[in-house]
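Spelled out, the chains give:
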Amino acid sequence: MKKIKAYAADSKDADLKPYEIERRATLEDDVKIDILYCGVCHSDLHQVRNDWKNSVYPVVPGHEIIGKVLEVGKGVSKFKVGDLVGVGCLVDSCQTCSACKDDLEQFCEKGATFTYNSEDKHSGGHTFGGYSESVTVNKEFVLKVPENLDAKAAAPLLCAGITTYSPLAHWGVKKGDKVGVIGLGGLGHMGVKFAHAMGAHTVMITTSPSKSEDAKKLGADEVLISKDQEQMKKHANSFDFLLNTIPVGHDMNPYAALLKRDSTMVIVGAVEPLDPLHGGSLIMGRKSIAGSLIGGIKETQEMLDFCGKHNVVSDIEMIDIQNINEAYNRLQKSDVKYRFVIDMKSLKDS
Ligand code: NAP
Ligand code: ZN
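Thresholds applied
- Residues numbered from 1 in each chain as written.
- Chains lettered and ligands numbered in written order.
- Predicted model: local features only at pLDDT ≥ 70, side-chain atom pairs only at ≥ 80, totals over all residues.
- Heavy atoms only, no water.
- Near = heavy atom within 4 Å.
- Polar contact = N/O pair within 3.5 Å; in protein donor to acceptor, adjacent residues only side chain to side chain.
- Areas by Shrake-Rupley, 256 points an atom, 1.4 Å probe, with all protein chains shown as cover.
- 1 Å grid on protein atoms, 1.4 Å probe; cavity = no way out; pocket = protein on both sides within 12 Å on 5 of 7 lines; lining within 4 Å.
- Points joined across faces, edges and corners; volume = space filled by probe spheres on them.
- Nonpolar A, V, L, I, M, F, W, Y, C, P; charged D, E, K, R; others polar.
- Donors = N, O, S within 2.8 Å, 3.2 Å for Na, K, Ca; no water.
- Helix = DSSP H or I, 4+ residues; strand = E, 2+ residues; numbered from the N terminus.
- Buried < 20%, exposed > 50% of the residue type's maximum accessible area, 1.4 Å probe, protein only.
- Phe/Tyr/Trp six-rings, centres within 6.5 Å; stacked < 30°, edge-to-face > 60°.
- Lys NZ or Arg CZ within 6 Å of the ring centre and 35° of its normal.
- Salt bridge = Lys/Arg side-chain N within 4 Å of Asp/Glu carboxyl O.
- Pairing = 2+ DSSP bridges.
- Axes fitted to C-alpha atoms, helices over the stretch in contact; angles between N-to-C directions.
- Contact = heavy atoms within 4.5 Å.
- UniProt positions renumbered as here; feature names shortened; annotations may be inferred.

Taken together, the neighbourhood of ligand 1 is formed by 28 residues, with His-42, Thr-206, Thr-207, Ser-208 and Lys-211 sitting nearest. One nitrogen or oxygen atom from the main chain of Leu-187 is found 2.8 Å from an oxygen atom belonging to ligand 1. Take Lys-211: an N or O atom from its side chain is 2.6 Å from an oxygen atom of ligand 1. Across the complex, the protein chains shield 89% of the 920 Å² of accessible surface that ligand 1 would expose by itself.

This is the structure we're talking about:
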């Protein structure tokens with residue numbers, strides 16, 4: 001075990017502050033990674049504030065990790081010292097249950113180990129995330145990052161990227177489909193980029209008229225202001241697919257009204273109770289509402305390779321770790337274009 005620098009919150013009302021954590025010595029199948037950049041996901045904020053009632057303190061958030069390999073165990077041949085790699089929301093799973101065998105480790109029947117705030121099956125206690133100098137991860141959960149991508153702007157692909165890519169791929173979004181992405185934040189801006197890259201007619205559905213121009217630059221063909229009932233009426237029954245990234249419980253009825261017959265809205269944002277849904281919203285038109293959680297490791301690698309090929313990365317605002325609490329306040333107000341990424345040099349130099 002080695003002590004390293006990190007940033008942690010020790011209660012739901014506390015700011016994040018400097019903290020020391022321990023990482024295990026590199027095991028046979030481990031990859032030890034020097035963390036260069038870490039994205040700031042709205043889930044980090046939810047977990048620090050205990051919004052999901054399952055936080056274990058101290059919380060060291062961070063699951064959009066990009067770094068360079070520092071050391072590999074004897075059993076690792078796929079990675080070598082100096083490789084550019086990524087770690088997302090998952091660091092372990094049983095590898096034997098039917099979900100793991102289907103490359104859906106996020107749904108591991110024995111319980112996946114998430115990058116932070118999960119039981120740590122190697123060292124005891126709970127896992128600590130990427131707001132830290134380094135991380136040691138089993139080789140099966142380490143991703144190769146295409147070298148042509150800007151490493152710092154690739155960090156958000158590890159969560160915001162896969163969380164939006166996976167449902168678009170699973171529900172078979174294709175060229176010419178009319179796809180709506182609801183909420184222009186970290187996830188939403190990646191959803192727009194992916195839907196556009198997949199050839200869909202992409203509509204940004206936002207509460208913020210001020211984001212319209214950006215939405216178009218990101219790849220939206222149209223912008224729909226969800227508070228404008230006239231505009232919502234014009235788009236009724238017209239969408240082949242909706243990706244809903246709203247981070248809190250909300251009324252889904254107005255969005256369900258946008259779906260075409262036999263179409264689906266996938267919820268990825270609200271991991272909490274949603275307002276009552278009128279049965280008629282689904283019955284009239286045989287519509288579906290579904291959910292989706294990140295993506296498995298194989299699909300995450302596919303997504304990174306897709307990004308390498310199509311040169312897709314996030315639009316980011318770089319911050320030093322010392323400004324993380326201010327960044328959380330801005331994230332809470334949807335005031336970020338469109339993902340904060342921490343330069344981890346600021347932690348190492350502190
Ligand atoms: P974010 O950057 O804060 O973006 C959320 C966007 O939703 C905002 O920019 C805003 O866009 C819109 N919004 C916010 N509050 C709203 C409200 N009350 N009503 C309607 N729209 C609202 O957050 P994020 O990082 O993209 O994360 C979004 C959610 O996904 C979080 O809850 C996060 O925990 C969750 N998440 C889920 C998964 C998964 O696997 N399912 C993975 C990662 C994150 P406009 O201004 O455009 O309206
Ligand atoms: Zn996330």
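That shown, we press on.
Counted by the stated rule, this structure contains 1 cavity of 30 Å³ or more. Computed from the structure, the largest cavity encloses a volume of approximately 70 Å³. Together, Gly-88, Cys-89, Leu-90, Leu-143, Leu-158, Ile-162, Ile-294, Gly-295, Ile-297 and Thr-300 line the largest cavity. Residue composition of the lining of the largest cavity, by class: 7 nonpolar, 3 polar and no charged.

Right, let's get into the coordination of the zinc ion (ligand 2). Looking at the zinc ion (ligand 2), one finds its protein donor set to be Cys-41 (SG), His-63 (NE2) and Cys-159 (SG), positioned 2.0 to 2.2 Å from the metal centre. Between the donor residues of the zinc ion (ligand 2), the gaps in sequence give the motif C-x21-H-x95-C. Of this pair, Cys-41 sits in the loop between β3 (30-40) and α1 (42-48) while Cys-159 sits in the loop between α3 (151-154) and α4 (160-170); the two residues are 118 residues apart in sequence, bridging distant segments of the chain. Take Cys-41 and Cys-159: they sit in the same class, and that class is buried.

This next bit is on the packing of aromatic side chains. Applying the stated criterion across every chain yields a total of 4 aromatic pairs. Judged by centre distance (6.2 Å) and plane angle (35 degrees), the ring pair of Trp-171 and Phe-241 falls under tilted. With Trp-171 in the loop between α4 and β10 (178-182) and Phe-241 in strand β13 (residues 239-244), the pair connects residues that are 70 residues apart, well separated along the chain. Among the residues examined, Phe-241 registers a relative accessible area of 3% and is labelled buried. Each residue in the set Tyr-165, Phe-194 and Phe-306 is aromatic and connected to the rest through ring pairs, giving one cluster. Taking NZ or CZ as reference, Lys-144 lies 5.0 Å from the ring centre of Phe-79, over its face.

Right, let's get into the pattern of salt bridges. Where charged atoms of side chains with opposite charge meet at close range, the side chains can pair. Enumeration according to the criterion identifies 18 salt bridges in this entry. Between Asp-29 and Lys-139 there is a salt bridge, and its shortest N-O distance comes to 3.3 Å. With a gap of 110 residues between them, Asp-29 in the loop between β2 (17-23) and β3 and Lys-139 in the loop between β8 (134-138) and β9 (143-144) connect regions that are remote in the sequence. Owing to a relative accessible area of 29%, Asp-29 belongs among the partly exposed residues under this scheme. On the basis of relative accessible area, Lys-139 is assigned to the partly exposed category, the value being 22%.

The parallel open sheet is built from 6 strands, whose spatial order is β12-β11-β10-β13-β14-β15. Each edge of the open sheet carries a strand with a single partner, namely β12 (222-225) and β15 (288-291). With direction set aside, neighbouring strand axes in the sheet form an average angle of 20 degrees. Packed on one face of the sheet, α4 meets β10, β13 and β14 (259-267) and runs near 155 degrees to β13.

Listed under "domain: Enoyl reductase (ER)" (unreviewed entry) in the UniProt record, and renumbered for this structure, are residues 9-342. Secondary structure across residues 9-342 divides into 25% helix and 25% strand, with the first and last C-alpha atoms of the span separated by 16 Å.

Turning to the layout of surface pockets, a few remarks are in order. Of the volumes computed, that of the largest pocket is approximately 1,100 Å³. Lining the largest pocket are 50 residues; nearest its centre among them are His-42, Ser-43, His-46, Val-268 and Gly-269. Within the residue set of the lining of the largest pocket, elements represented by two or more residues are α1, α5 (186-197), β11 (201-206) and α11 (324-332). Looking at the lining of the largest pocket element by element, the count peaks at 5 residues for α1. Of the residues in the lining of the largest pocket, the class split is 23 nonpolar, 24 polar and 3 charged. Its boundaries defined by the atoms lining it, the second largest pocket holds a volume of some 320 Å³. Together, 21 residues line the second largest pocket, and Arg-23, Asp-120, Ser-123, Thr-127 and Phe-128 are the ones closest to its centre. Within the residue set of the lining of the second largest pocket, elements represented by two or more residues are β2, β6 (90-92) and β8. Sort the elements by how many residues they give to the lining of the second largest pocket and β2 lands first, with 4 residues. By residue class, the composition of the lining of the second largest pocket is 6 nonpolar, 8 polar and 7 charged.

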